[in-house]
Amino acid sequence: MGPAGLSAAEEAAGRGLSVVVVDPRPNAVWPNNYGVWVDEFEAMGLADCVDTTWKRAKVQFTEGEEAVCLDRQYGRVDRRRLKKRLLDGCVRSGVLFHAAKARGVSHTDGWRSCLQCDDGSELFGCAVLDGTGHSRALVEFEGEFDPGYQGAYGVMIEVEKGHPFELDTMFFMDWRDDHLEDDPDMLARNASLPTFLYTMPFSETRIFVEETSLVARPAVPFPELKRRLVKRLDKLGVVVKEVIEEEYCLIPMGGVLPRMPQRVLGLGGTGGMVHPATGFMIARTLGAAPLLVDGLERELARARGEAAAALPTGTPREEVLARVDMGEVTARVWEGVWPAWRLQQREFFNTGMDILLRLGIDSTRSFFAAFFKTSTYNWQGFLSYRLTLVELMGFGIEFFAVGDWRMRRFTTVSALPGLVTLIQKLLTSGFSRQVGITEGADNGVRWKRGEGGNFSAEMRNSLADKEKELPRMTADERP
Ligand SMILES: Cc1cc2nc3c(=O)[nH]c(=O)nc-3n(C[C@H](O)[C@H](O)[C@H](O)COP(=O)(O)OP(=O)(O)OC[C@H]3O[C@@H](n4cnc5c(N)ncnc54)[C@H](O)[C@@H]3O)c2cc1C
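A brief look at the structure comes next. Source: prediction; values computed, not measured. (Residues numbered from 1 in each chain as written. Predicted model: local features only at pLDDT ≥ 70, side-chain atom pairs only at ≥ 80, totals over all residues. Heavy atoms only, no water.)

## Quick word on the site of the ligand
Residues in contact with the ligand amount to 27 residues; listed here are only the nearest, Tyr34, Gly35, Ala102, Gly269 and Met281. Backbone polar atom of Ala4 to an oxygen atom of the ligand: 2.9 Å apart, as the coordinates give it. Measuring from an oxygen atom of the ligand, one finds a side-chain N or O atom of His134 at 3.4 Å. About the coverage of the ligand: the protein hides 85% of its 980 Å² of free accessible area. Of all the secondary-structure elements, those providing two or more residues to the shell around the ligand are helix H1 (3-14) and strand E16 (240-253). The leading source of residues in the shell around the ligand is E16, at 3 residues. Among the residues making up the shell around the ligand, the classes are represented as 13 nonpolar, 12 polar and 2 charged. When residues of the shell around the ligand are assigned to domains, at least three fall in each of domain 1 (3-145 + 254-339 + 437-477) and domain 2 (148-253). (Near = heavy atom within 4 Å. Polar contact = N/O pair within 3.5 Å; in protein donor to acceptor, adjacent residues only side chain to side chain. Areas by Shrake-Rupley, 256 points an atom, 1.4 Å probe, with all protein chains shown as cover. Helix = DSSP H or I, 4+ residues; strand = E, 2+ residues; numbered from the N terminus. Nonpolar A, V, L, I, M, F, W, Y, C, P; charged D, E, K, R; others polar. Domains from an automatic or database assignment.)

## Looking at the nonpolar core
Judged by nonpolar contacts, the single largest core of 104 residues is most densely connected at Phe41, Leu82, Phe172, Phe368 and Phe382. When residues in this core are grouped by element, the largest group, 11 residues, is from helix H6 (residues 282-309). Ignoring anything within four residues of it in the chain, the contact list for Leu82 reads Trp30, Phe41, Leu46, Cys49, Val77, Ile282 and Leu286. (Core = buried A, V, L, I, M, F, W, Y, C linked by side-chain atoms within 4.5 Å. Buried < 20%, exposed > 50% of the residue type's maximum accessible area, 1.4 Å probe, protein only. Contact = heavy atoms within 4.5 Å.)

## Some words on the pattern of salt bridges
With the rule as written, the count across this model stands at 35 salt bridges. With a closest N to O distance of 3.1 Å, Arg176 and Glu63 form a salt bridge. One end of the pair, Arg176, is in the loop between strand E13 (169-174) and helix H4 (184-192); the other, Glu63, is in the loop between strand E4 (56-60) and strand E5 (68-70), and 113 residues separate them in sequence. Residue class for Arg176 comes out buried when judged on its relative accessible area of 13%. Here Glu328 and Arg332 are joined by a salt bridge, their closest N and O atoms 3.7 Å apart. Note that Glu328 and Arg332 are positioned in helix H8 (residues 326-337) at a spacing of 4 residues, about one turn of the helix. Overall, the relative accessible area of 36% leaves Glu328 in the partly exposed class. Connected via shared salt-bridge partners are Glu11, Arg15, Asp294, Glu297, Arg298, Glu299, Arg302, Glu306, Glu328 and Arg332. (Salt bridge = Lys/Arg side-chain N within 4 Å of Asp/Glu carboxyl O.)

Below, the structure written as structure tokens:
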């Protein structure tokens, strides 16, 4: 399992639920090189799962122009350590592992689901969480799956001394294109489908460099990304001695959400949690796992309690459980993970993604120049999913005010269809029914201005408080 499946399993087992993780290779090392804003990981108590940090990040738009310095620490996730920590937690809490692939799921009655595996085995449980990432093995999506794609080709390389990257600074986005001047065709392709360089410098001789297409539909092909990266490294004078690791990154972004409600639960890639305007997800996923599990535990306890109350004292456990409506339980869990403000926020981010999909290199530069000129609260909050719709509107006004005329012109033109859709969705019955949901577990737990990004810490504290109030299940009460 990836971060979503393992964090949910650890959390659920830690709360006394019986959990089986189905994963063909439970001990495999995660393949992705994850980058995060350090404050997000610190807030979740995961600072020790970041192996390298950079004091700041920077963004450069054109050659000769001064780079924009982002005063926010960035880090590389220690994927082995994070996975081990989650696995250890799972093992300590009694999670069982079944080495197989999930092939399908059926819901045998009101309270039980049956997971079919590719080794012919069947597992029964009251709830199934699909943590299969972008494979989306079990969760069903609302309508046609129509995302944009973030495509990136990255390499961890050993290089000759003298590379141009400062070791205390993560190069978040390098939009320069002067390295393509001797190749007019590639320069033109980059002008319409721009890519940037994302660089993590680890030492004087080791760097991770990734040529990234922020979002495109269809994705920029890997061979093109690779050619652009080679030309860029040549221009920067980077002499590669050895390629240690290659990363082919394709992240579906935005588009439709999982159908809500449905009996199968989703988190991370299957939960529609990729940031539609950045492709980031890991912090949001790890922060959402306790919310999801909290909702499941609470709703199970409630449904069981109600079922038991309607039956004579001493009714056998199986009979009580047979009265539990897991359709209702999982519907409430979905609501908790996707409360009204999250749905509105995602719709706004989708509008942002739609704008990005239309931009060539010059407008992309103007876009990000304006983006990083907005207040720290706004740009950091936007990237870390903290802003409510009202705050996002404020962000939009500020973004518009600080941008240049090019940015204002194309934003007005490009954003109009998205804004019309957003307003339509707010007004139509389907979306207003969804945004009418007010009982989401994270509705009342919000990041506060000036508290340095401790959204998830707050969530955890709040959950810890809630936990004290919750009736705990004893071993024989577990469904
Ligand atoms: C190359 C790459 C780089 C990324 N970098 C970042 C980053 O820097 N920062 C960030 O925030 N986000 C990043 N992302 C986005 C996102 O955080 C990751 O995709 C993240 O791994 C998603 O977590 P997940 O647990 O949902 O899915 P995954 O990590 O994809 O895990 C899914 C797991 O399910 C297993 N599986 C698949 N099918 C089945 C099945 N049928 N039965 C059983 N098991 C199955 C897979 O083997 C895998 O172990 C990146 C994504 C990619 C692809």
